[in-house]
Amino acid sequence: MDFLEQLQKTFKKISVFLKAKSQNLIFLTLSWHEIKLNFKQAIQKLWMLALFFIVLSGITSTLDIAITSSTTLFIFVFFGTMVASIPADSCISGEIGGLADSLLSKSVKRWQYVLSKFLSQILIVIIIYASTFGIIIGVLEVLNLVPILFDYCQYMSVLGLVALVLTMFVSFGVLFSTIFPKPIFSIITSLFLWFLLIFMFSVGPWVSIYSPVSLIDNLGLILLDTWGVKLWKIALFNSVPIVLCIISATIIFYQKDL
């Protein structure tokens with residue numbers, strides 16, 4: 001009996017393990033499907049095409065990693081944040097009453113659906129962002145145009161902070177898509193957030209280290225490690241909203257009558 005009980009427990013553990021794996025597989029499948037669909041969108045294709053010509057022009061005209069990176073970061077902060085958030089604004093509200101209801105009526109759990117949206121939207125932005133700067137670094141390294149004393153540690157810190165900024169805007173977009181019933185309301189709210197965090201700080205008389213604009217304005221000081229601001233504070237400022245957006249969106253989505 002002891003042997004049979006132990007065998008039953010073992011099979012039960014295996015069953016629980018396989019069930020958990022299959023649930024994770026659903027989550028990953030949803031994320032991968034979302035990524036493929038998003039890369040087919042016109043806005044993403046135009047954005048990648050624009051980035052290609054911007055990077056090509058920057059490299060050929062300056063042959064300098066700092067100047068080319070500064071220009072590209074400027075484009076990502078001022079335009080990439082909008083391009084990142086707009087598709088996210090419709091990722092959930094655009095599917096309620098259709099695909100979302102169909103998926104949730106099957107074996108997909110609500111948290112899997114919501115988290116797959118966050119993961120896929122964030123990965124799309126990061127893939128495009130990382131590929132862009134991968135090309136810049138790769139081409140200039142092959143041409144031996146990167147200074148020997150160039151501080152890659154500080155450089156990657158800047159790239160990481162801007163990546164967090166992009167992720168934050170994406171997360172707000174998914175959250176707004178969960179809150180509002182129509183994508184247009186989410187887009188308007190995202191544009192208002194962009195206006196506050198970026199446009200107002202770029203034209204206003206005030207300065208804030210927490211605005212993404214500050215990273216562009218102080219890029220030279222950051223690369224030289226002479227900026228008197230702790231980068232971890234900016235990283236924390238951009239990280240906390242991402243976590244709060246994920247938690248809030250999941251809770252809100254569970255309250256919806258679907």
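Just so we're clear, the structure is a prediction, and the values are computed from it rather than from any experiment.

A.B. asks: Report on the packing of aromatic side chains, specifying residues and quantitative values.
C.D. replies: For the coordinates displayed, the defined rule picks out twelve aromatic pairs. Centroid distance Trp 47 to Phe 76: 5.5 Å. Interplanar angle 85°. Geometry classified as edge-to-face. Here the residue Trp 47 occupies a position in helix α2 (residues 42–62), and Phe 76 occupies one in helix α3 (residues 65–89), the gap between them amounting to 29 residues. For the pair Trp 47 and Phe 76, one class covers both residues: buried. Measuring from ring centre to ring centre gives 5.2 Å for Phe 150 and Tyr 152, while their planes differ by 80°; the resulting arrangement is edge-to-face. For Phe 150, a relative accessible area of 15% translates into the label buried.

A.B. asks: Explain the nonpolar core to me, using residue names and the numbers behind them.
C.D. replies: Counting 65 residues, the largest nonpolar core has Ile 65, Leu 73, Tyr 129, Phe 133, Tyr 155, Phe 169 and Ile 198 as the members making the most contacts within it. Broken down by element, this core gets its largest block of residues, 15 residues, from helix α6 (residues 152–179). Ignoring sequence-local partners within four residues, the contact set of Phe 169 consists of Thr 81, Ser 85, Leu 193, Trp 194, Leu 197 and Ile 198.

Rules used in this analysis
Residues numbered from 1 in each chain as written. Predicted model: local features only at pLDDT ≥ 70, side-chain atom pairs only at ≥ 80, totals over all residues. Heavy atoms only, no water. Phe/Tyr/Trp six-rings, centres within 6.5 Å; stacked < 30°, edge-to-face > 60°. Helix = DSSP H or I, 4+ residues; strand = E, 2+ residues; numbered from the N terminus. Buried < 20%, exposed > 50% of the residue type's maximum accessible area, 1.4 Å probe, protein only. Core = buried A, V, L, I, M, F, W, Y, C linked by side-chain atoms within 4.5 Å. Contact = heavy atoms within 4.5 Å.

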